Amino acid sequence: MRNKWIVSIDDYRKASRRQLPKMISDYLEGGALDETTMRANEDRFDALMLRQRSMVDLRGLTTSTTVLGHSLAMPLMVAPMGMLTIFHPGSDPAVARAAVRAGSIFIHSAWAGCSLEEVARVAPDNLWAQIAFWKDPAETASYISRVRAVGVETLVVAGDVGSSSKRERDLHHGLSMPPRPPVADYFNAATRPAWLWRWLTGRKMTYGNYQINGRPLRMDEMNNWMASNKNPGANWEDFARLRSEWKGNLVIKGIMDAEDAARAVDEGADGIFVSNHGGRQFDSQPATIDVLPSIVDAVGGRAEIYLDGGIRRGHDIVKAVALGAKAALAGRPFAYALAAGGEPAVDRVFGILHEEFKGAMGFVGKSSVADVDPSIFVGHSTSAVPESLLA
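All figures in this text were calculated on a predicted structure; none of them were measured in a lab. (Residues numbered from 1 in each chain as written. Predicted model: local features only at pLDDT ≥ 70, side-chain atom pairs only at ≥ 80, totals over all residues. Heavy atoms only, no water.)

Peer 1: Tell me about the pattern of salt bridges, and please be specific about residues and values.
Peer 2: Tallied over the full model, the rule gives 20 salt bridges. Notably, a salt bridge pairs arginine 59 with aspartate 57, separated by 2.7 Å at the nearest N-O pair. Using a relative accessible area of 47% as the deciding quantity, one classes aspartate 57 as partly exposed. The salt bridge involving glutamate 356 is made with arginine 313; its shortest N-O contact spans 2.7 Å. (Salt bridge = Lys/Arg side-chain N within 4 Å of Asp/Glu carboxyl O. Buried < 20%, exposed > 50% of the residue type's maximum accessible area, 1.4 Å probe, protein only.)

Peer 1: Which residues make up empty space enclosed by the protein, and what values go with them?
Peer 2: Enumeration over the complete set of coordinates arrives at 1 cavity of 30 Å³ or more. Approximately 50 Å³ is the volume found for the largest cavity. Thr85, Ile86, Phe87, His88, Pro89, Trp195, Arg198, Trp199, Arg203 and Met205 are the residues that line the largest cavity. Counted by class, the lining of the largest cavity contains 6 nonpolar, 2 polar and 2 charged residues. (1 Å grid on protein atoms, 1.4 Å probe; cavity = no way out; pocket = protein on both sides within 12 Å on 5 of 7 lines; lining within 4 Å. Points joined across faces, edges and corners; volume = space filled by probe spheres on them. Nonpolar A, V, L, I, M, F, W, Y, C, P; charged D, E, K, R; others polar.)

Peer 1: Can you tell me about the layout of surface pockets, naming the residues and giving the values?
Peer 2: Computed from the structure, the second largest pocket encloses a volume of approximately 280 Å³. Lining the second largest pocket are 16 residues, and of these Asp10, Arg13, Glu42, Arg312 and Tyr336 sit closest to its centre. If you list the elements that add at least two residues to the lining of the second largest pocket, you get helix H1 (9-19), helix H3 (36-47) and helix H15 (332-363). A total of 5 residues in the lining of the second largest pocket trace back to one element, the largest contributor, which is H3. For the lining of the second largest pocket, the residue count by class is 4 nonpolar, 2 polar and 10 charged. (Helix = DSSP H or I, 4+ residues; strand = E, 2+ residues; numbered from the N terminus.)

Peer 1: Break down the packing of aromatic side chains for me, with residues and values.
Peer 2: Applying the stated rule across the entire model yields 6 aromatic pairs. The ring of phenylalanine 273 is capped by lysine 253, whose NZ or CZ atom sits 5.4 Å from the centre of that ring. (Phe/Tyr/Trp six-rings, centres within 6.5 Å; stacked < 30°, edge-to-face > 60°. Lys NZ or Arg CZ within 6 Å of the ring centre and 35° of its normal.)

Peer 1: Can you explain the pairing of strand S6 (residues 154-158)? Please cite residues and give values.
Peer 2: Consecutive side chains along a regular strand alternate between the two faces of the sheet. In terms of residue burial, S6 counts as a mostly covered element, since 5 of its 5 residues are buried. Of the two faces of S6, the one holding Thr154, Val156 and Ala158 and the one holding Leu155 and Val157 are both buried throughout. Bridging between strand S5 (residues 127-131) and S6 involves 3 bridges; their strand directions are parallel. Pairing of isoleucine 131 across the sheet is with valine 157, part of S6. With helix H6 (residues 137-149) bridging S5 and its parallel neighbour S6, the resulting β-α-β unit is right-handed. Relative to strand S9 (residues 249-255), S6 runs parallel, the two sharing 5 bridges. Paired with alanine 158 across the strands is lysine 253, a residue of S9. (Pairing = 2+ DSSP bridges. Right-handed = clockwise from strand over helix to strand, strands pointing away.)

Structure, rendered in structure tokens:
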């Protein structure tokens, strides 16, 4: 498909399907169990209706904002995503470079397919690092030392990975570590020669953020490594200990409950990241936009709040900001673009969302991000917006 005919995130989603074997596109698009939460993330955004305002002077309209003192061209960052290499060998560095050009921030996943150090070389000032509390404290401490060494100032703690669910699309394709796909998937992969060629000749698919004996962890070693290092006992004491040791910014990801949000701030969090993993982990929980207002109330301005899950249009970002998010984050949109067209396509996704965001700001009559508030909503359109926020 010629790039000029791709004009939306959904276009990139469809284009990625044409580039990827079905087992890989299902991995990208799939969610946990019945995928109820995954669908709700988008549906609940769509249910929020906006008020169009007229005759508003928009000559000074600006989309810029800040997160933890860092300037952004718009309130959008890249959510952490593991194993981007399976979509395109450009992987994390390609998305990170695009984030730099877009005036955004790239969050490097604790489950990334390439190392933090490689990403830091291309995005030294636009990078946050996600960490997990591994079973061996020395493993976590070693990674934090690496974060310090590359100059990253913001840690993002994975706060909801003590438990896990199943993604049935992946099970149907035999996507374990290492993968054991059925014969039909080998034939399907053969119909995607461009992806197959990149897989054979491009960056090796490793669990490259971690090493064994000085080399990147191979995918066939991933299950054993995870079994040895996963820590179901991680708790608030670990978070408080990290807060006492880490002098930079500390954000916690995976907050979906007001009580947990308040506790996180009490323990010293600088940022609360409202996330349900895009519906990939725990099904039958609310959409992130539905829980955002209660979390905003619980935090009471003591920390910044970010949100991901369901961001597909620029007006979704406007809605998230209006309900109290300092910035929104997207994951799948950038993965769709990476799979469909590599780094230039990721640039284009940033451009599409920026154009749509700016347009939506104009239609709701707001010329600065700071002015975007609940007054932009049609008050009777959805119960997702409490009356207190629409007053």
